[in-house]
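Chain residues, written in single-letter form:
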Amino acid sequence: MITISDLSLNFSGEPLFKDVNLKFTQGNCYGVIGANGAGKSTFLRILSGDLDPSTGTVSIAPKTRMSVLKQDHFAFNEETVLNTVLGGNERLLEVMHEKDALYMKDPFTEEDGNRAAELESEFAEMGGWDAETEASQLLNGLGLDADAILYTEMKNLGDVEKVKVLLARALFGKPDILLLDEPTNHLDIQAVRWLEDFLAKFNGAVVMITHDRYFLERISNRIVEVQGGSLYQYPANYSKYLELKAQRAEMLAASERKRQALLKKELAWIQRGAKARGTI
């Protein structure tokens, strides 16, 4: 669903990433891990299109809808909770607004009627008639009382409530790809369990960053490690990744020991040759 080819990113002439080639495919959940400052969130910004790479490309399959969790608590202050969640599918919200504007027109022309019919068809195809029900289910699943807050403006919610609404926005509308940066932040244990169940049933591709290792272990079946300007993909969950990484480190260490032994042998051979020639 996402193909990354020869990607690099430079800051002030210094490479943060270089020569990255990866694929993210449907039905997999990728946990992006690495040290603080390694560039995990920056990598997600590149995938989302918020940041252009210095070189290389990020290609997404045609007609693929990507949804991104953005934890900007003030971005939708003037919107209702319902519109904030529905905005997870921007096209659906655009169609709704255009339909409403058309039906408010007086006179309502034949041309308006034709356009309204087109919009109604598109609205139905996107599941528009079930959109409010889906939004309510997401909010309730995350531990909010949808009936009480659905038409409340975001600015009237507390920070934890806003976090949950923004997560519901990212999950709304059956996206094909989910980019989630710290999705369990500020969630209580019941909400985390609900999110685990939701992602376990999700049919698309999930790329996420989380410091919650238990959540990572339960949800991800692929690990992408950001380290030293490179990205390494492991076809494993977190615990298996730790085993594979240890094996890789052991192999590298063994290879280095072998290299050092060979170097020592070569140096000894050179010294013996020099002694034989009387040069030392």
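A quick note: this is a predicted structure, and the numbers were derived from the prediction, not measured.

**Student:** Kindly report on the sheet that holds strand E3 (residues 29–34), identifying the contributing residues and their values.
**Tutor:** An order of E5-E6-E7-E3-E8-E9 is seen for the six strands of this open sheet, with the pairing classed as mixed. Either end of the sheet is taken by a strand with one partner, and the two such strands are strand E5 (66–68) and strand E9 (230–234). When the angles between neighbouring strand axes are averaged without regard to direction, this sheet yields 20°. Pairing between E3 and strand E7 (residues 205–209): three bridges, direction parallel. Within the sheet, the bridge partner assigned to Gly-31 lies in E7 and is Met-208.

**Student:** Outline the pairing of strand E2 (residues 14–24), listing residues and values.
**Tutor:** Relative to E2, strand E1 (residues 2–11) is paired through seven bridges, and the arrangement is antiparallel. Paired with Ile-4 across the two strands is Leu-22, which belongs to E2.

**Student:** Before we move on, can you summarise the packing of aromatic side chains with the specific residues and values?
**Tutor:** Counted under the stated rule, the structure contains eight aromatic pairs. Among the aromatic residues, those joined into a ring-pair cluster are Phe-17, Phe-24, Tyr-30 and Phe-43. The cationic tip of Lys-99 hangs over the ring face of Phe-123; the distance from NZ or CZ to the ring centre is 4.2 Å.

**Student:** I'd love a proper account of the side chain of Glu-182, names of residues and values included.
**Tutor:** Following the sequence through the fold, Glu-182 ends up in the loop between strand E6 (177–181) and helix H8 (189–201). Setting aside its immediate chain neighbours within four residues, Glu-182 contacts Leu-69, Gln-71, Ile-209, Thr-210 and His-211.

**Student:** Could you give me a rundown of the packing of helix H3 (residues 90–103) against helix H4 (residues 110–125), with the residues and numbers involved?
**Tutor:** The contact between H3 and H4 brings their axes to 10 Å, and the two run at 150°. With respect to their mutual orientation, H3 and H4 come out roughly antiparallel. Seen along the crossing, H3 lies across H4 with a hand that is left-handed. Residues Arg-91, Leu-92, Val-95, Met-96, Glu-98, Lys-99, Leu-102 and Tyr-103 of H3 pack against Asp-112, Arg-115, Ala-116, Leu-119, Glu-120, Glu-122 and Phe-123 of H4. Of the residues assigned to the contact of H3 with H4, the class counts are eight nonpolar, no polar and seven charged.

About the criteria used
Residues numbered from 1 in each chain as written. Predicted model: local features only at pLDDT ≥ 70, side-chain atom pairs only at ≥ 80, totals over all residues. Heavy atoms only, no water. Pairing = 2+ DSSP bridges. Helix = DSSP H or I, 4+ residues; strand = E, 2+ residues; numbered from the N terminus. Axes fitted to C-alpha atoms, helices over the stretch in contact; angles between N-to-C directions. Phe/Tyr/Trp six-rings, centres within 6.5 Å; stacked < 30°, edge-to-face > 60°. Lys NZ or Arg CZ within 6 Å of the ring centre and 35° of its normal. Contact = heavy atoms within 4.5 Å. Parallel < 35°, antiparallel > 145°, perpendicular 65-115°, else oblique. Left-handed = near helix turned anticlockwise from the far one by under 90°. Nonpolar A, V, L, I, M, F, W, Y, C, P; charged D, E, K, R; others polar.

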